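Remarks on the overall topology
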Amino acid sequence: MKIIVASEFCDMCGTCITVCQNNAISMHNGSVFIDQNRCIYCKHCINVCPVAALKIDKQSGE
Amino acid sequence: MNEQNSFDIVVVGGGPAGIMAAQHASKNGKSVCLIDRKEKIGYPVRCGEGIGLKGFGISNPIRDEWIRCRVNTLELFAPSGKSVSIRNGFNGYVVDRVKMETDMTNEAVQTGTCFIGGTEVTDAFSNNKMYSCVTSKGTFSCKCLILADGIESKIARNFGWKTALPLKDIHTCATAVVSNIAIKDNSCALYLGQKKAPGGFIWIFPRSNTSANIGLGISGKYSTPGKPMELLKGFLSANFPKATITEVHAGGVPMGRWVRPLVKDGVMLVGDSARQMNCLNGAGINYSLFAGKAAGMIAAQSINGDICNHKILKRYEKIWAKEFGKQQERSYALKEEMIHFTDDFMNEMADSILMQKEGKMSLMKLFLKAFSSKPFLMLKAYKLFSS
């Protein structure tokens, strides 16, 4: 399982970064990146995204 | 080290706080580099653009060309749709933030600030009493680092600050510019309701008598994916079905206590990054202008030759704490209570105020009434609104 960003919806507002408890999200060169090694799957980022640009990728097989 | 990239002070972030810090550090004779990631200064605007009269009075003179509207009334709508008019003590402006921040940045540049736009600071670290900021355009070093990098407050985490916000301490928001409408250009509106805007509110700030900044913020505690944008679109289609809607954006507003300490060694936090925000109404521009100015001036005072005196930097926190620290903490305490207000309670408040015909209503009177069963919070409300 991993959390992914649907870049077509993302407004680059940084709200996800603000609530990430383990500093797993960063934003540069016009994209949002999630460090899956740091992510603790608290899903705060998914719930606060104003435009639902973050979601769980159930097909990642991890 | 490339001497061209070495400054007394580097400011990360070119919003109101960062620009003010850079301006006042430059004006006080120090070499300053202001780095901002936005391609266009001030854009996009993730903000209602409202500011109280006092905000400009104490930090920066306002220019007429920055003012969209002068407002002197607040209509506060209860969930039922009934509204209370606040005319007593409600005075402010709706400003053009892009114009304002562009002009302020130009002023900083004219006083000597080196401005680097469209450039992100991807990393920052300390290195033998100096600080280094890594960007795609090179590494910039300084004796004192001012972090004004907004709500994400990401760089602060490199220096040990834990600035991630719990869900209850953030508003997740959606905003739009709404045109072809008919509104009063001297009046703001706020809509409350746990269905309309759970734990938060909807705002309408006039840009003119035919257009407004309309936005919605909900508590992170009650948020589900995409909820703010969904609720905003619902509100707009119900209330302004024929409007033209542009500049639709998402954003977050920090609703936590201001960060302590504000200074660690040679690093200072200002603005949204420092959570210097009124937690009742999401007003942050005035705090940012003040804190940025104080940080810039104190940073300049702290530097003598090659040395930055870190003890002097701590004066910035004292200045902030004295002017706005307690006020901000009171707003936080009241917010903690208000996110639990039920629609029934808010409707009862509105009915009671309207029935008693309270004369010229002020925000203080309203909040004292709302907290009348909690004397401790009444006192906080009284002190907040009389400061």
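Throughout this description, residue numbers start from 1 for each chain and increase along the sequence as written. Labels follow written order: the first chain is A, the first ligand is 1, and so on. Local features in this predicted model are restricted to residues whose pLDDT is 70 or higher, and side-chain atom pairs enter the listing and the counts only when it is 80 or higher, whereas totals over whole chains, interfaces and linings include all residues. Only hydrogens and water are set aside; all other atoms, that is, all heavy atoms of the structure, feed into the side-chain values.

On to the interface of chain A and chain B. Note on contacts: a residue pair qualifies if any of its non-hydrogen atoms lie within 4.5 Å across the two residues. Contacts between chain A and chain B engage 23 residues on the former and 29 residues on the latter. A pair is scored as a salt bridge if a Lys or Arg side-chain nitrogen falls within 4 Å of a carboxyl oxygen belonging to Asp or Glu. The interface formed by chain A and chain B holds 1 salt bridge in total. The salt bridge involving Arg46 of chain B is made with Asp11 of chain A; its shortest N-O contact spans 2.7 Å. Here a polar contact is recorded for every N or O atom pair within 3.5 Å, except that within protein the pair must consist of a potential hydrogen donor and a potential acceptor, and residues adjacent in sequence are included only if both atoms are side-chain atoms. One can count 16 residue pairs in polar contact (both at pLDDT 80 or more) joining chain A with chain B.

All names here are of chain B. Classification of ring pairs rests on two measures: the distance between centres of Phe, Tyr or Trp rings, Trp counted by its six-membered ring, which must be within 6.5 Å, and the angle between planes, read as stacked under 30 degrees, edge-to-face over 60 and tilted in between. Applying the stated rule across the entire model yields 11 aromatic pairs over all chains. Judged by centre distance (5.0 Å) and plane angle (70°), the ring pair of Tyr191 and Phe235 falls under edge-to-face. Taken together, the residues Tyr191 in strand E13 (residues 187-191) and Phe235 in helix H4 (residues 227-239) connect sequence positions 44 residues apart. The pair Tyr191 / Phe235 is uniform in exposure class, with both members buried. For the pair Trp258 and Trp320, a centre-to-centre distance of 6.1 Å together with 75° between the ring planes defines the contact as edge-to-face. Residue Trp258 is found in the loop between strand E16 (244-254) and strand E17 (263-264), and its partner Trp320 is found in helix H6 (residues 310-338); the two are separated by 62 residues along the sequence. Accessibility here uses a 1.4 Å probe with only protein chains present; expressed as a share of the type maximum, an area under 20% marks a residue as buried, one over 50% as exposed, and anything in between as partly exposed. When its relative accessible area of 4% is taken as the criterion, Trp258 is described as buried. Counting every residue linked through ring pairs, the aromatic cluster contains Trp258, Tyr287, Phe290, Trp320 and Phe324. Any Lys NZ or Arg CZ that is within 6 Å of a ring centre and within 35 degrees of that ring's normal is treated as a charge sitting over the ring. The ring of Tyr43 has Lys40 sitting right over it, with the charged end atom 5.2 Å from the ring centre. Here Lys264 stacks its cationic end above the ring of Trp161, 5.2 Å away from the centre of that ring. Helix and strand definitions follow DSSP, with helices as H or I runs of at least four residues and strands as E runs of at least two, each counted in order from the N terminus.

Here the focus is the packing of helix H7 (residues 343-356) of chain B against helix H8 (residues 363-370) of chain B. All names here are of chain B. In this description, a line fitted to the C-alpha atoms serves as the axis of each element, helices being fitted only across the stretch in contact, and the angle between N-to-C directions of two axes falls anywhere from 0 to 180 degrees. Remark: H7 packs on H8, axes separated minimally by 11 Å, with the N-to-C direction vectors making an angle of 125°. By the criterion of interaxial angle, the relationship of H7 to H8 is oblique. Here H7 runs over H8; the crossing is right-handed. Here Phe345, Met349, Ser352, Ile353 and Gln356 of H7 come into contact with H8, specifically with Leu366, Lys369 and Ala370. Partitioning the contact of H7 with H8 into residue classes produces 5 nonpolar, 2 polar and 1 charged. Each angle gets one of four labels, with under 35 degrees taken as roughly parallel, over 145 as roughly antiparallel, 65 to 115 as roughly perpendicular, and the rest as oblique. Each crossing is labelled by how the near helix is turned from the far one, with a counterclockwise turn of less than a right angle marking it left-handed and a clockwise turn marking it right-handed. Throughout, the ten residues Ala, Val, Leu, Ile, Met, Phe, Trp, Tyr, Cys and Pro are labelled nonpolar, Asp, Glu, Lys and Arg are labelled charged, and all others, Gly among them, are labelled polar.

The subject of this paragraph is the state of the cysteines. When two cysteine sulfur atoms lie within 2.5 Å, the pair is treated as a disulfide. Applying the stated criterion to the full structure yields 0 disulfides over all chains. You can see Cys39 of chain A has no disulfide; the closest cysteine sulfur is in Cys45 of chain A, sitting 6.2 Å from it. Take Cys133 of chain B: it sits in no disulfide, and the sulfur closest to it among the cysteines is that of Cys142 of chain B, at 5.3 Å. Taking relative accessible area as the criterion, Cys133 of chain B reaches 0% and is therefore assigned buried.

Before going further, it helps to spend a moment on the nonpolar core. Note on terminology: a nonpolar core comprises buried Ala, Val, Leu, Ile, Met, Phe, Trp, Tyr and Cys residues joined through side-chain atoms within 4.5 Å. Formed by 67 residues in total, the largest nonpolar core has its most connected members in Val10, Leu145, Ile146 and Tyr316 of chain B. Judged by nonpolar contacts, the second largest core, of 36 residues, contains Val253, Phe341, Ala350 and Leu377 of chain B.

Our focus in this paragraph is unusual backbone geometry. Residue and element names in this part refer to chain B. The linkage connecting Tyr43 with the following residue, Pro44, adopts the cis geometry, with an omega of 0°. Here Arg260 and Pro261 are connected by a cis peptide whose omega angle stands at -5°. Residue position: Pro261 is located in the loop between E16 and E17. At Asp265, a residue that is not glycine, the phi angle is positive and equals roughly 55°. Locating Asp265 in the fold gives a position in the loop between E17 and strand E18 (267-269). Note on Asp265: relative accessible area 52%, which makes it exposed.

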